[in-house]
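Residue-level listing of the chains:
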Amino acid sequence: MSALAAGPVLATLHAGQASTGEAILFWVLAPIMVLAALGLLLARKAVHAALAVILVMICLAFMYVAQDAVFLGVVQVVVYTGAIMMLFLFVLMLVGVDQSDSLVETIRGQRWIGLLAGIGLAVVLAGVVGRATFPPATGLDSANDPSNPEGLARLVFGSYVFAFEAVGALLVTAALGALVLTHRRRLTPRVGQRELADARVKAGAVLTPLPAPGVYARHNAMDVPALGPDGRPLEHSVPRVLRVRGQQADEREYAARIERVLAGEWAGGEGSTALATTTEAVETPGSDENPPPHARPDVGAPVPGAATDKPAQEEQG
Amino acid sequence: MIALLAASSTTAQTGADFSDDVFWVWLVKAVAILVFLLVSVLIAIWFERKVVARMQVRPGPNVHGPFGLLQSLADAMKLLFKEDMTVKAADKLVYVAAPMIAVFCSLLVFAVIPFGPAVWIGGHHTPLQLTDFPVAVLYILACASVGVYGIVLGGWSSNSTYPLLGSVRSTAQVISYELSMGLSLVTVFILAGSMSTSEIVSSQKTLWWFIPLLPAFVIYVVSMIGETNRLPFDLPEAEGELVGGYTTEYSSMKFAWFFLAEYINMLNVSAVATTLFLGGWRAPWPISTINDGMFNHGWWPILWFLAKLWFFMFVFVWVRGTLLRFRYDQFMKFGWKVLIPFALGWLVIVAAVQGLRQFSDLNVRTTLFVLAGVVAVVAIAAFFVPEKKVAATKPRRGPEVIDPFAAGYPVPPMPGQTLPPSPRKERAAAAAGATAGSDPTTPEVHGG
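Residues numbered from 1 in each chain as written. Chains lettered and ligands numbered in written order. Predicted model: local features only at pLDDT ≥ 70, side-chain atom pairs only at ≥ 80, totals over all residues.

Under an unreviewed UniProt entry, the name given to chain B is NADH-quinone oxidoreductase subunit H, and the source organism is Cellulomonas alba. Under the heading Catalytic activity (unreviewed entry), UniProt records this for chain B: "a quinone + NADH + 5 H(+)(in) = a quinol + NAD(+) + 4 H(+)(out)". According to UniProt, the comment filed for chain B under the heading Subunit (unreviewed entry) is "NDH-1 is composed of 14 different subunits. Subunits NuoA, H, J, K, L, M, N constitute the membrane sector of the complex." (UniProt positions renumbered as here; feature names shortened; annotations may be inferred.)

The name an unreviewed UniProt entry assigns to chain A is NADH-quinone oxidoreductase subunit J, from the organism Cellulomonas alba. UniProt, in its Catalytic activity (unreviewed entry) section for chain A, records the words "a quinone + NADH + 5 H(+)(in) = a quinol + NAD(+) + 4 H(+)(out)".

Next comes the structure, spelled out in structure tokens:
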């Protein structure tokens, strides 16, 4: 890619038309482009290779602009860097973050065939470029008359309109072909949000979002189960990963405390200091008229309520 | 790049004339733009918090400085002094480069935004614009599309799930919304006959383009919100779904840069909307006629430009305070199945009308009136065509009785529907009703 870009610039240099600024720009950008192009070949990670391509493309855009092809330079960034390389990155990122290239040949002799084809292409290109003759230069001012996009538009929609339309038709055909080839007819009805909700209701599953861990428990940590309305720990509130790994907090520790509370020890007020603090916390305003929670365990709201109301003042956690 | 573009730009016909610019004028303009952007971001953060707060009937920031104006400065300082963490598993180079890419690309756009007409600065007659060239608006699109790499690479290099999801979303979002944005801009190019910002502004001398191009304007405003990842399109950083999206693993200054880039991008798209659709720095109609257009000359136009810019910033905040976040598939459907087809259709219409105007002797105004007449006649004639007998299929009389538990959970009756008679009532009325036992649940409507 860098070689392709270097061609016209060198041509103008030899013609003695390039300004000093342009020459400096070329000698600054060309090494960067070559390095980036090599980076594409040598990078281990696919995303780094893609980044190298992006760098080459942006440098190339600078080159175009330096040669008065403003439209081409900007469109190069918009279309190739902004859209096509973005799609590449999209795919690469989905393939895997740490994915390296696999060096296993899937087709036998692939490497040698590729090398041969590369040499062939180089020979053909060298032949074509070597035999190319240029008409006498008319100068960029006449080519870009009255402005660069208009001069280009005259060429694309005037002299080359048929080729342009043919390319457009080909692209549309390709897009439609990709669409048709990748289209799969749906065999089962689509399951959307609504259907999922209906199914959940029919199955009698939990309708609300699952309780978050630590909510209304004594600790606001991921591994501490939440307390249900009855004051009992809800095991499923702890993330499944923690449960599978066995990193869940000891549920029995919390359950034991709850059991003590539910067993009615809260009403006595005597006992250890820890118990006393628990009892204080349980006596929330407004809960006096309620029957004791052990009498009606299904209504035992005071326990979670107490944990939210004044949990921090006496308990050290 | 900017200097290059400016140097390579050919002489504009009606656009800004930069021939009198010298190096220090360029420098002054560039520094002024930088300062303007950074100060505007500080004000924008305060503005957003204040306006959203007013919309939610609370005071908003009001402690630091008059009206809480220094709040965002304090926040910025706090971010600066926070611990700068780098994730151990991150791809270091890309991880550090990503916020820089985002900020640098967002800073580039204002180079081609005209703040006003030519003024005298230190003996030089120069337009209030850093530079301009024939494809300035495309250059803005290019900067925006490279700026997205900051988001995408930031999410990828964090080597973490939520940031990656955020950046993947951002990629898809930008690709799909840039299309409709570009298509709506093309209609402006067609009417203005140019892609240079100063020429587009000068083409709006009599009529601002948002009036004849209202559909394109609406499409642009929608897709500019999508392009800047703002609510209701803030899926790449949706707090409720992705923690912080691509910014999750960033802290301190690096996070601040992403934040800065987001707000500068808001200013950018607002400035583009102002320039392309709202007449740029031109004074609004009644003011523009005062004293032979006095307010369209000298330094006055900066005022109108800023007023329009901040109008769009207000729209951003307004939308954020009003709408909920889209679901991702709804968002994609909206982009591909609504915005792009509409933008494309509108583009075809505009191109056809402009082609008629330029390449035929037809008087476009009469043609459009004739077309409108034809449409009106067809619409009136449609009233006389008898409708198909759709109504015959529903001869029902009285409200429809529904089974509220058909889907497994109780639903209230819609208008025109009614519930079956309550079994409990029947039981109360006639002892041991025959149907009472068949349905154990009672159709109570909760929360009515």
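Caption draft 1: Structural view of the overall build of chain B. Within chain B one finds 15 helices and 4 strands. Here the C-alpha radius of gyration of chain B, 29 Å, is well above what a compact globule of 448 residues would show, namely 22 Å. C-alpha atoms of chain B, sized along the principal axes, occupy 105 × 70 × 40 Å. Counting only contacts in chain B whose residues sit at least 6 apart along the sequence, the fraction spanning at least 24 positions is 75%. (Helix = DSSP H or I, 4+ residues; strand = E, 2+ residues; numbered from the N terminus. Rg over C-alpha atoms; globule rule 2.2 N^0.38 Å. Contact = placed C-beta atoms within 7 Å.)

Caption draft 2: Layout of the overall build of chain A. Scanning chain A for helices and strands turns up 13 helices and 2 strands. Buried positions account for 22% of the 317 residues belonging to chain A. At a minimum sequence separation of 6, the contacts of chain A that also span at least 24 residues come to 53%. (Buried ≥ 20, exposed ≤ 12 C-beta atoms within 10 Å, placed from the backbone.)

Caption draft 3: Region of the structure containing the nonpolar core. Val74(A), Leu138(B), Ile140(B), Tyr220(B), Ala273(B) and Phe277(B) are the most contacted members of the largest nonpolar core, which has 133 residues in total. Per-element accounting of this core gives the leading share, 17 residues, to helix α3 (residues 46-66) of chain A. (Core = buried A, V, L, I, M, F, W, Y, C linked by C-beta atoms within 7 Å.)

Caption draft 4: Geometry of the pairing of strand β1 (residues 116-121) of chain B. Residue and element names in this part refer to chain B. Where β1 and strand β2 (residues 124-128) come together, 5 bridges link them in antiparallel fashion. The residue bridging Gly116 from the neighbouring strand is Leu128, located in β2. The antiparallel hairpin formed by β1 and β2 contains 2 residues in its connecting segment, where Gly122 sits at a positive phi of about 55 degrees. (Pairing = 2+ DSSP bridges.)

Caption draft 5: Fine view of the UniProt feature "transmembrane region" (unreviewed entry) in chain A. Residues and elements named next belong to chain A. Residues annotated in UniProt with the feature "transmembrane region" (unreviewed entry) correspond here to residues 25-42, 49-67, 73-95, 115-134 and 154-181. Each end of residues 25-42 is marked by a C-alpha atom, and these two atoms are 26 Å apart; helix forms 100% of the span and strand 0%. When the span residues 49-67 is considered, its composition is 95% helix and 0% strand, and the gap between its end C-alpha atoms is 27 Å.

Caption draft 6: Spotlight on the interface of chain B and chain A. Between chain B and chain A, the contact holds 28 residues from the first and 28 residues from the second. Going through the elements one at a time, α1 (2-8), α5 (136-157) and α6 (161-192) of chain B are the ones with two or more residues in the side of chain B that touches chain A. At 9 residues, the largest contribution of residues to the side of chain B that touches chain A is made by α5(B). Considered class by class, the residues forming the side of chain B that touches chain A number 21 nonpolar, 7 polar and no charged. (Nonpolar A, V, L, I, M, F, W, Y, C, P; charged D, E, K, R; others polar.)

Caption draft 7: Representation of unusual backbone geometry within the structure. All names here are of chain B. Of note, Val57 is a non-glycine position whose phi angle comes to about 55 degrees, a positive value. Its place among the elements puts Val57 in the loop between α2 (23-55) and α3 (71-81). With 6 C-beta atoms packed within 10 Å, Val57 lands in the exposed category. Of note in this structure, Asn229 is not a glycine but carries a positive phi near 60 degrees. Inspection of the secondary structure puts Asn229 in the loop between α8 (214-227) and α9 (239-242). Residue Asn229 is classed as buried on the basis of its 25 C-beta neighbours within 10 Å.

Caption draft 8: Seen up close, α2(B). Residue and element names in this part refer to chain B. For α2, with 33 residues, the first-to-last C-alpha span of 47 Å sits near the 48 Å given by 1.5 Å per residue. Contacts from the buried residues of α2 go to α3, α10 (252-277) and α12 (300-322). Following α2 by one or two positions, Val57 has its phi on the positive side, about 55 degrees. (Expected span 1.5 Å × (residues − 1).)

Caption draft 9: Region of the structure containing the environment of Phe314(B). Note on placement: Phe314(B) falls in helix α12. For the pair formed by Phe314(B) and Ala406(B), sequence separation is 92 residues and the distance between their alpha carbons is 46 Å.

Caption draft 10: Broad picture of the confidence of the model for chain A. All names here are of chain A. When the pLDDT values of chain A are averaged, the result is 74; 71% of them are 70 or greater. No element of chain A has a lower mean pLDDT than helix α13 (residues 302-309), which averages 41, and none a higher one than helix α8 (residues 161-182), which averages 93. Between residues 268-317, whose pLDDT stays under 50, and residues either more than four places distant or in other chains, the model counts 61 contacts. (pLDDT = per-residue confidence, 0-100.)

Caption draft 11: Quick look at the confidence of the model for chain B. Residue and element names in this part refer to chain B. Per-residue pLDDT for chain B averages 82, and the proportion of residues at 70 or more is 91%. α1 is the least confidently modelled element of chain B, averaging 45 in pLDDT, while α12 averages 91, the highest of any element. Counted against residues more than four places away or in other chains, residues 1-13, with its pLDDT under 50, gives 30 contacts. For residues 435-448, every residue scores under 50 in pLDDT, and the model assigns this stretch 20 contacts once sequence neighbours within four places are set aside.

Caption draft 12: Main features of the packing of α5(B) against α6(B). All names here are of chain B. Closest axis-to-axis distance for the α5/α6 pair is 8 Å, and the angle between their directions is 170 degrees. What the angle tells us is that α5 and α6 run roughly antiparallel. Contacts between α5 and α6 involve Val137, Leu141, Ser145, Val148, Ile151, Val152, Gly154, Gly155 and Trp156 on the former and, on the latter, Pro163, Leu164, Gly166, Ser167, Ser170, Thr171, Val174, Glu178, Gly182 and Leu185. Of the residues belonging to the contact of α5 with α6, the class tally is 10 nonpolar, 8 polar and 1 charged. (Axes fitted to C-alpha atoms, helices over the stretch in contact; angles between N-to-C directions. Parallel < 35°, antiparallel > 145°, perpendicular 65-115°, else oblique.)

Caption draft 13: Spatial organisation of the packing of helix α4 (residues 70-95) of chain A against α5(B). The N-to-C vectors of α4(A) and α5(B) enclose an angle of 20 degrees; their axes lie 8 Å apart at closest approach. Classified by the angle between their axes, α4(A) and α5(B) sit roughly parallel to one another. The chirality of how α4(A) crosses α5(B) is left-handed. Every residue of α5(B) that contacts α4(A) at Val74(A), Val75(A), Val77(A), Val78(A), Thr81(A), Gly82(A), Met86(A), Leu89(A) and Met93(A) is listed here: Leu138(B), Tyr139(B), Leu141(B), Ala142(B), Ser145(B), Val146(B), Val148(B), Val152(B) and Trp156(B). Its residues assigned to classes, the contact of α4(A) with α5(B) comprises 15 nonpolar, 3 polar and no charged. (Left-handed = near helix turned anticlockwise from the far one by under 90°.)

Caption draft 14: Main features of the environment of Pro211(A). Residues and elements named next belong to chain A. For Pro211, the position within the fold is in the loop between α9 (193-203) and β1 (226-227). Using a count of 18 C-beta atoms within 10 Å as the deciding quantity, one classes Pro211 as partly exposed. In the structure, Pro211 is positioned 15 residues away from Ala226 in sequence and 6.8 Å away in space, judged by C-alpha atoms. Not counting residues up to four positions away in its chain, the partners in contact with Pro211 are Ala226, Leu234 and Ser237.

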